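Residue-level listing of the chains:
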Amino acid sequence: MITLAIVRHATAQWADARTSDHERPLNARGRREAPRMAQLLAERGVRPDALLASDALRARTTAEVFGETFGIAPVLLPSLYGASADAVLDTAREAALEAERATIMIVAHDPGLSELATRLAGAEVQMTTCAIASFEWDAADWADIATVAPSRWRLDAPR
């Protein structure tokens, strides 16, 4: 069984002229929802072998919260900032194959995450802030996941 969990960063402060988009921090709601969603995922039994995140402040902060919950340090990748659906999937696949890991978690941004979730689910999926889409394949490795539909998937969003 292999698993991909994609997490859209928690809610960030609105953009303003003083802060670049890359450096937008989480707002109060985001600081509340990230630990709650990380705990929900832990309660569902998802345990990432690797946690990859965009290096943008809002994604990095969200990933750090998830990392604390799972006892794993996030690997920050500038390439996940604004990444397309294909780039997110390729990044997950490469990380899994390089280290022979079964469960990969990626914290990144829209629209790439919604596009990827929609493609994998075979239905329209909107990744709201701090939403988690987890996909499982009945497969031994990651080599063919782009061409095989997941055996199960689930979307969790903060309430």
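Residues numbered from 1 in each chain as written. Predicted model: local features only at pLDDT ≥ 70, side-chain atom pairs only at ≥ 80, totals over all residues. Heavy atoms only, no water.

Undergrad: How do you make sense of the overall build of the chain when you look at a structure like this?
TA: Helix and strand content of the chain: 4 helices and 6 strands. Mapped in sequence order, the helices and strands of the chain form the string β-α-β-α-β-α-β-α-β-β. Computed over the C-alpha atoms, the radius of gyration of the chain is 14 Å, within 12% of the 15 Å expected from 2.2 N^0.38 for a compact globule of 159 residues. In terms of overall dimensions, the chain has a C-alpha envelope of 45 × 30 × 30 Å along the principal axes. For the chain, the residues scored as buried account for 49% of the 159 residues in total. Sequence-distant contacts in the chain: of pairs separated by 6 or more residues, those separated by 24 or more amount to 71%. Within the chain, one finds 17 positive and 22 negative side-chain charges whose respective centroids are separated by 9 Å. (Helix = DSSP H or I, 4+ residues; strand = E, 2+ residues; numbered from the N terminus. Rg over C-alpha atoms; globule rule 2.2 N^0.38 Å. Buried < 20%, exposed > 50% of the residue type's maximum accessible area, 1.4 Å probe, protein only. Contact = heavy atoms within 4.5 Å. Lys, Arg positive; Asp, Glu negative; His and termini not counted. Charge placed at Lys NZ, Arg CZ, Asp CG, Glu CD.)

Undergrad: I'm lost on helix H2 (residues 57–70) in this one. Help?
TA: Here H2 contains 14 residues, and its C-alpha end-to-end distance of 20 Å stays within 8% of the 20 Å for a straight helix at 1.5 Å per residue. Listed in full, the buried residues belonging to H2 are Leu57, Arg58, Ala59, Thr62, Ala63, Val65, Phe66, Gly67 and Phe70. Looking at the buried residues of H2, the elements they touch are strand E1 (2–8), helix H1 (28–43), strand E2 (50–54), strand E4 (103–108) and strand E5 (132–137). Just beyond H2, the residue with positive phi is glycine 71, at close to 65°. (Expected span 1.5 Å × (residues − 1).)

Undergrad: I keep staring at the packing of aromatic side chains and nothing clicks. Help me out?
TA: The description of an aromatic ring pair rests on the distance of the ring centres and on the angle between the ring planes. Taken as a whole and assessed by the stated rule, the structure comprises 3 aromatic pairs. Taking 6.5 Å as the distance between ring centres and 40° as the angle between the ring planes, the aromatic pair formed by phenylalanine 135 and tryptophan 137 counts as tilted. Residue classification places tryptophan 137 among the buried positions, given a relative accessible area of 1%. For the ring pair phenylalanine 135 and tryptophan 153, a centre distance of 5.8 Å and an interplane angle of 15° mean the geometry is stacked. (Phe/Tyr/Trp six-rings, centres within 6.5 Å; stacked < 30°, edge-to-face > 60°.)

Undergrad: Can you walk me through the sheet that holds E1 in this structure?
TA: Remark on secondary structure: sheet strands pair via backbone hydrogen bonds, oriented parallel or antiparallel. As summarised here, the arrangement of the 6 strands in space is E3-E2-E4-E1-E5-E6, forming an open sheet in which the pairing is mixed. Two strands in the sheet have a free side with no partner beyond their single neighbour: strand E3 (75–77) and strand E6 (152–156). Adjacent strand axes in the sheet meet at a mean angle of 15°, parallel and antiparallel pairs treated alike. Judged from the 3 bridges that link them, E2 and E3 form a sheet pairing that is parallel. Along E3, the bridge assignment pairs leucine 52 with valine 75. With respect to the sheet, helix H3 (residues 85–99) is in contact with E1, E2, E3 and E4, its orientation differing from that of E4 by roughly 145°. The sheet strands contacting helix H4 (residues 112–121) are E1, E4, E5 and E6, and the helix crosses E1 at an angle near 145°. (Pairing = 2+ DSSP bridges. Axes fitted to C-alpha atoms, helices over the stretch in contact; angles between N-to-C directions.)

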